[in-house]
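Structural features, examined
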Amino acid sequence: MKERKKLTFWETVKRQWSLVVGLKVTGKNYIKPQITTHYPRQTVDNISTFKGHVQLVGKPKQPDVAKCICCMLCVTSCPSSCIKVVKMKPPKEDPIPEAAAPKDMPDAAQPAKQAPPKAKAPKTPVKWTLDFNLCSLCGTCVEVCPVKSIEYSNDSYLAGYSRKDFEYDLLADLKERAAKMPAPAPKKAPKAVEKETAEQAEA
Amino acid sequence: MNELSKALGGIPVELLHIAIGLVGLAAFVGLNAVLLVWMERKVAGHFQRRPGPFEVGPHGLLQTVADAVKLIAKQLFMPKGADRILFWAAPFLAFLPVFVTLLPIPWGDVIVAHEVNLGILLILAFAGLGVLSLCLAGWSSNNKWSLLGAARAVAQSVAYEIPMLLSLLAVVMMTGTMNLSTIVESQGSWPWLWLGAMQPFAFLIYFICALAETNRAPFDLPEAESELTAGFHTEYSGMGFGLFFLAEYANMIVVSGVATALFLGGWKGPVMDGPWWFLIKVYALIFAMMWFRWTYPRVRFDQLLNIAWKWLIPLAIINLLATAVYIKVIGLNLPMM
């Protein structure tokens, strides 16, 4: 045990004042207003700072269409492989050689890269799903997205009965949000993403 | 009195008085436990700047009722290798003496379950039984944490009971009686006429010891949850635990009641004397106990012994001697005697 300085009688008595100081501190906090919110009746007002599962960002002029160009960077960089993206198939006339796709990505993404540039393949996703059961919210997909089509949602009220409830179809989710959004809102979304990515870069 | 006894069919009036008093006290103990547990959680919540129980009933008032129902409905378990008789005797031994200690407490001018001339002695004697129940509970549980809790409870009681006795003795010297009602009557209505104003040290020492007596923070060593899971009541489920819980909250009322009667003028108070003053003072003291709980960290075992043996006992003896000298040399004029 560490050797302590021996206190004199009066020093010990004087130090008892710290007990009163402690009571003052707790007493003040007792009187101060509460800092928690009664959840079902109240919600926090800074929910925008919450970074939930990722969601797609719509185009500025077409908020119900994702900015995504199906580059598959998010899919390949995701450490938990929880993102699945299926690219829209090119028109049938285009003679694009079908290459064997990897098991993870049973889609036309890989062959599209190797396709000759003359055949202008569509760059819109037909399927964009997130398996939130596997996601660890590392944010790599948000960072890596070249067109800033992925952002964090503020969806903090998550509850479900089965794993299926957390397998999100983000294209449908985007359409749903676009339908609810007022007209100027979509412009804000990309900015928010930029901010977030900037913050991440700083961090 | 005899005529009244005859009218009641030969039942002694005094017996009837005690019976009614006990029923009243039993109801009070139950209700009080429900109220105090709610108050404890609310106070804890507010000290941590959160609302505390809020969902069951208005402001969570019925939360403890729900908890009580849960406790009653739970299965009673006994660990393997436990001493069956002692294991189940301990909760009752913790709970029953509380009624005896509540008997002589003067709630109001005439509201006393039973006038006892040696009221203080009775309370101290039966309060000592509480430690025995803790010891038995811990020992019979066949569990290391329980045993450690029991050992702590016993050592703790050795430490705090002496200064507690000595501090109360100073008041007994001043009033010349151990009857709680008489002691209250010897005090005036205003705070400067209370015995606590004349015996601040005795009051302080008594209150510190009372915290240890009720096993409340910062002296909650026997049930230190971060070290001993739940200490002596680790193995108790359902109402076995519930009885310990009831006893703890009833004990809080007893020690606060004694402090109120001896030092804070009992049911006497400014403007209008009455039992409401007694209750206000008791609950104010209990609030102070809860305040302490959320302010001070638990003392270590040797620290508690140091506080008791090196500080409280010498202080209490000096206080007692000073009181004796004062009474003998200068003489004492109690406000109402």
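Reading the values: rules and limits
- Along each chain, the written sequence defines residue order, and numbers are assigned to residues from 1.
- Key to labels: chains lettered from A, ligands numbered from 1, both in the order written.
- The predicted nature of this model means local features are confined to residues of pLDDT at least 70 and side-chain atom pairs, given and counted, to a pLDDT of 80 or more, with totals for whole chains, interfaces and linings taken over all residues.
- The basis for every side-chain value is the complete set of heavy atoms in the structure, and neither hydrogens nor water enter the calculation.
- Numbering of helices and strands starts at the N terminus; helices are DSSP runs of H or I of at least 4 residues and strands are runs of E of at least 2.
- Here's how the labels work: a residue is buried when its accessible area is under 20% of the maximum for its type, exposed when over 50%, partly exposed in between, all with a 1.4 Å probe on protein chains only.
- Contacts are residue-level and defined by heavy atoms, with any inter-residue pair within 4.5 Å sufficient.
- For helices, the axis comes from a line fit to the C-alpha atoms of the stretch in contact; other axes are also lines fit to C-alpha atoms, and the angle between any two N-to-C directions lies between 0 and 180 degrees.
- For classification, angles of less than 35 degrees are called roughly parallel, those exceeding 145 degrees roughly antiparallel, those between 65 and 115 degrees roughly perpendicular, and all remaining angles oblique.
- Crossings are assigned a handedness: left-handed for a near helix turned anticlockwise from the far helix by less than a right angle, right-handed for a clockwise turn.
- We call Asp, Glu, Lys and Arg charged. Ala, Val, Leu, Ile, Met, Phe, Trp, Tyr, Cys and Pro are nonpolar, and the rest, Gly among them, are polar.
- In this description, a disulfide is simply a cysteine sulfur pair whose atoms lie within 2.5 Å.
- Only when DSSP finds a minimum of two bridges between them are two strands counted as paired.
- UniProt positions are given in the numbering used here, feature names are shortened, and annotations may be inferred rather than shown by experiment.
- Pairing of aromatic rings covers Phe, Tyr and the six-membered ring of Trp, with a centre-to-centre limit of 6.5 Å; geometry is then stacked below 30 degrees between planes, edge-to-face above 60, and tilted otherwise.
- To sit over a ring, a charge needs its Lys NZ or Arg CZ within 6 Å of the ring centre and within 35 degrees of the ring normal.
- Each patch is assembled from residues with relative accessible area greater than 30% and no salt bridge, linking like charges that lie within 9 Å and nonpolar side chains (Val, Leu, Ile, Met, Phe, Trp, Tyr) that lie within 5 Å.
- Every accessible area reported is derived by Shrake-Rupley at a probe size of 1.4 Å, with residue values counting cover from the shown protein chains alone.
- Should a side-chain nitrogen of Lys or Arg be within 4 Å of a carboxyl oxygen of Asp or Glu, the pair is scored as a salt bridge.
- By this rule, a helix spans an expected 1.5 Å times one less than how many residues it contains.
- The reported bend at a residue is simply the angle between two axes, fitted to the 7 residues ending at it and to the 7 residues beginning with it.
- Put simply, buried area is the surface a 1.4 Å probe can reach on two separate parts but cannot reach once they are joined, added for both.
- What qualifies as a polar contact is a pair of N or O atoms within 3.5 Å, subject to a donor-acceptor requirement within protein and to the restriction that residues adjacent in sequence count only when both atoms come from side chains.

**Focus on the overall build of chain A**
Helices and strands together make up the secondary structure of chain A, namely seven helices and five strands. Evaluated residue by residue, chain A yields a buried proportion of 31% over its 203 residues. Restricting the contact set of chain A to residue pairs at least 6 apart, pairs at least 24 apart contribute 79%.

**Some remarks on the packing of helix 4 (residues 84-102) of chain B against helix 5 (residues 119-140) of chain B**
Residues and elements named next belong to chain B. Two numbers describe how helix 4 lies on helix 5: the axes approach to 8 Å, and their chain directions differ by 165°. Of the possible angle classes, the one that applies to helix 4 and helix 5 is roughly antiparallel. Viewed along their axes, helix 4 and helix 5 form a crossing whose handedness is left-handed. Taken together, the residues of helix 5 that come into contact with helix 4 (itself represented by L86, F87, A90, L93, A94, P97, V100 and T101) are L122, I123, F126, A127, L129, L132, S133, L136, A137, W139 and S140. Across the contact of helix 4 with helix 5, the residue classes tally to 16 nonpolar, three polar and no charged.

**Points about the state of the cysteines**
Residues and elements named next belong to chain A. One pass over the structure, following the stated rule, counts zero disulfides over all chains. Cysteine C68 is unpaired, with the sulfur of C70 as its nearest cysteine sulfur at 4.2 Å. A relative accessible area of 10% means that C68 is categorised as buried.

**Details of the sheet that holds strand 3 (residues 125-131) of chain A**
All names here are of chain A. In space, the three strands of this open sheet follow the order 2-3-5, with antiparallel pairing throughout. Because the sheet does not close on itself, it has two edges, and the strands there are strand 2 (83-87) and strand 5 (167-169). With direction set aside, neighbouring strand axes in the sheet form an average angle of 15°. Pairing geometry for strand 3 and strand 5, over three bridges, is antiparallel. Bridging from a neighbouring strand, L130 pairs with Y168 of strand 5.

**A short note on the UniProt feature "transmembrane region" (unreviewed entry) in chain B**
All names here are of chain B. In the UniProt entry, the feature "transmembrane region" (unreviewed entry) is given for residues 15-39, 85-107, 119-139, 160-180, 192-212, 241-264, 276-296 and 308-327. Taken end to end, residues 241-264 is 96% helix and 0% strand, and its first and last C-alpha atoms sit 33 Å apart. Between the C-alpha atoms that bound residues 276-296 there is a distance of 30 Å. The span itself is 86% helix and 0% strand.

**Some words on the packing of aromatic side chains**
For the coordinates displayed, the defined rule picks out 23 aromatic pairs over all chains. Here the aromatic rings of Y30 of chain A and F47 of chain B are separated by 4.7 Å at their centres, their planes lie at 45°, and the arrangement is tilted. With one member in each of two chains, Y30 of chain A in helix 2 (residues 17-31) and F47 of chain B in helix 2 (residues 13-47) form a pair that bridges those chains. Taking the relative accessible area as the measure of exposure, F47 of chain B reaches 8% and is therefore buried. Ring centres 5.9 Å apart and planes at 35° place the aromatic pair F132 of chain A and Y168 of chain A in the tilted group. With F132 of chain A in the loop between strand 3 and helix 5 (140-144) and Y168 of chain A in strand 5, this pair connects stretches of sequence that are 36 residues apart. Judged by relative accessible area, which is 15%, Y168 of chain A ranks as buried. Each residue in the set F203, Y206, F207, F263, F292 and Y296 of chain B is aromatic and connected to the rest through ring pairs, giving one cluster. For the cation-ring pair, K144 of chain B lies above W145 of chain B, with the distance from its terminal atom to the ring centre recorded as 5.0 Å.

**A short note on the environment of F95 of chain B**
Residue and element names in this part refer to chain B. Relative to the helices and strands, F95 is located in helix 4. Under the relative-accessibility criterion, F95 is labelled buried at 13%. Here the alpha-carbon distance between F95 and E248, two residues 153 residues apart in the chain, equals 8.4 Å.

**Remarks on a nonpolar patch on the surface**
Taken together, W190, W192, V271, M272, W276 and I280 of chain B make up a surface patch of nonpolar side chains, about 760 Å² in accessible area. By secondary structure assignment, the location of M272 of chain B is in the loop between helix 11 (238-263) and helix 12 (275-293).

**As for helix 6 (residues 144-175) of chain B**
For helix 6 of chain B, which comprises 32 residues, the first-to-last C-alpha distance of 46 Å matches the rise-based estimate of 46 Å (1.5 Å per residue) to within 8%. At Y160 of chain B, helix 6 of chain B is deflected by roughly 25°, the largest bend along its length, and proline P163 of chain B occurs up to four residues later in sequence.

**Re the pairing of strand 2 of chain A**
Residues and elements named next belong to chain A. Alternating residues of strand 2 divide into I83, V85 and K87, all buried, and K84 and V86, none buried. Examined bridge by bridge, strand 2 and strand 3 share five bridges and lie antiparallel to one another. Within strand 3, the position partnered with I83 by the bridge is L130.

**Description of the packing of helix 9 (residues 200-213) of chain B against helix 12 of chain B**
Residue and element names in this part refer to chain B. Remark: helix 9 packs on helix 12, axes separated minimally by 11 Å, with the N-to-C direction vectors making an angle of 65°. Relative to helix 12, helix 9 is oriented so that their crossing is right-handed. Where helix 9 abuts helix 12, its residues F203, F207 and L211 lie against L285, A288, M289 and F292.

**Examining the interface of chain B and chain A**
At the junction of the two partners, chain B supplies 15 residues and chain A supplies 18 residues. With both chains or domains summed, chain B and chain A bury close to 1600 Å², and 65% of this area falls on carbon and sulfur atoms. Together, R49, Y296 and W311 of chain B form the three largest contributors to the area buried by chain B at its contact with chain A, with a combined 40%. Linking chain B with chain A are one salt bridge, by the criterion used here. For the salt bridge of R41 of chain A with E55 of chain B, the shortest nitrogen-to-oxygen distance reads 3.0 Å. For the interface between chain B and chain A, the tally reads seven residue pairs in polar contact (both at pLDDT 80 or more).

**Structural notes on the pattern of salt bridges**
All names here are of chain B. Tallying each qualifying case throughout the model produces nine salt bridges over all chains. With its nearest N and O atoms 3.8 Å apart, the salt bridge here joins E248 to R216. Here the residue E248 occupies a position in helix 11, and R216 occupies one in the loop between helix 9 and helix 10 (225-228), the gap between them amounting to 32 residues. For the pair formed by E248 and R216, the shared burial category is buried. Across the salt bridge formed by R300 and D302, the nearest N and O atoms sit 2.9 Å from each other. The class for D302 is partly exposed, based on a relative accessible area of 35%.

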